[in-house]
Amino acid sequence: MILALACGYGLALRRHPAPAWRIGCFVGAVVLLLAVAVTPIHTLGMHYLLTVHLLQNVVLAEWAPLLVVLAIPPALAARIARPGAIRALTHPAVALPLWLLNYMVWHLPWIYDAALRNPGTLLHLEHAMYFVTGLAMWWSVFQDEPHRLGSGKRAAYVFGAFVLGSPVGLVMALVPEPIYDFYVEAHHRVWGLDPLEDQQLAGMLMALEQAVVFFGVFVYWFFRFLAEEERREDVDPPAVAA
């Protein structure tokens, strides 16, 4: 998947050139994807630590999709968004609920354990769905086509994603016993963590990560909204009653 993504982006740039910062975002996404797929991070997440596997999920569902969406120049984004299926999938009223539902379903204990026990099939499906729904969720935050949102709506959208998505990590951090049998059975006390400590650390780091990433994007669009409103008032000052 990573190779196909890189080749597709490289070919697309021949017709739709992008500035260096967008290419840098794409390179960052590829580096993150490779880091969680072919390095010891993958081994730790698949066999030892829930904390590391959640890091893989966060990269696939949030960080890498965000960077890929940023990497796409507007002209290419408009072309990608032409098909009706893409227009529907990237609509905020569809993309956000779909991303949330996907995130929550895959973290249900029996489904989570089943995916880990079937790494050649179900786990690949899980990771692909994380990435696709992540792209859809971030699309309208950073792209104007096919659904142009104002800065205020983008800020509200990101804030809503944070508020609705954060319970996943918080639940894992607060429950008093391990909920994923796969890591209880396979655990070898890496870094001195027992299964419950591993789960609590995973939940806390996930909640912290979402607070940093989503709040950072929210702040950007919120202050941009305030700046736009200030400029609008400068151009069209309110009428003074006689």
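Up top you'll find the structure we're talking about.
Residues numbered from 1 in each chain as written. Predicted model: local features only at pLDDT ≥ 70, side-chain atom pairs only at ≥ 80, totals over all residues. Heavy atoms only, no water.

Novice: A description of the overall build of the chain should follow, citing residues and the corresponding values.
Specialist: Scanning the chain from terminus to terminus reveals 13 helices and zero strands. Considering only C-alpha atoms, the chain reaches an extent of 75 × 50 × 30 Å along its principal axes. Looking at the chain as a whole, 44% of its 242 residues qualify as buried. Sequence separation of at least 24 residues holds for 76% of the intrachain contacts in the chain that already meet a minimum separation of 6. (Helix = DSSP H or I, 4+ residues; strand = E, 2+ residues; numbered from the N terminus. Buried < 20%, exposed > 50% of the residue type's maximum accessible area, 1.4 Å probe, protein only. Contact = heavy atoms within 4.5 Å.)

Novice: Can you tell me about the packing of helix 2 (residues 20–38) against helix 4 (residues 50–71), naming the residues and giving the values?
Specialist: One way to put it is that helix 2 packs onto helix 4 with a least axis distance of 7 Å and a crossing angle of 160°. The pairing of helix 2 with helix 4 is recorded here as roughly antiparallel in orientation. By crossing handedness, the relation of helix 2 to helix 4 is classed as left-handed. Residues W21, R22, C25, F26, G28, A29, L32, L33 and V36 of helix 2 touch helix 4, and the partners they reach there are Q56, V59, L60, W63, A64, L67, V68, V69, L70 and A71. Class assignment of the residues belonging to the contact of helix 2 with helix 4 gives a composition of 16 nonpolar, two polar and one charged. (Axes fitted to C-alpha atoms, helices over the stretch in contact; angles between N-to-C directions. Parallel < 35°, antiparallel > 145°, perpendicular 65-115°, else oblique. Left-handed = near helix turned anticlockwise from the far one by under 90°. Nonpolar A, V, L, I, M, F, W, Y, C, P; charged D, E, K, R; others polar.)

Novice: Describe the environment of V105, with residues and values.
Specialist: With respect to the element layout, V105 can be found in helix 7 (residues 92–106). Residue classification places V105 among the partly exposed positions, given a relative accessible area of 31%. Between the C-alpha atom of V105 and that of V217, which follows or precedes it by 112 residues, the distance is 25 Å.

Novice: Account for helix 13 (residues 195–235), naming residues and giving values.
Specialist: In a regular helix each residue adds 1.5 Å, so 41 residues correspond to 60 Å; helix 13 covers 60 Å between its end C-alpha atoms and thus fits that length. Within helix 13 the residues assigned to the buried category are D198, Q199, A202, G203, M206, A207, E209, Q210, F214, V217, F218 and W221. Looking at the buried residues of helix 13, the elements they touch are helix 4, helix 7, helix 9 (122–142), helix 10 (151–165) and helix 11 (167–174). (Expected span 1.5 Å × (residues − 1).)

Novice: Break down the side chain of N57 for me, with residues and values.
Specialist: Structurally, N57 is set in helix 4. A residue is classified by how much of its surface remains accessible, and N57, at 0% relative accessible area, is buried. Contacts of N57, omitting those with residues within four sequence positions, involve Y103, H107, Y112, E126, H127 and Y130.

Spatial relationships are all this shows, so hold off on functional conclusions.
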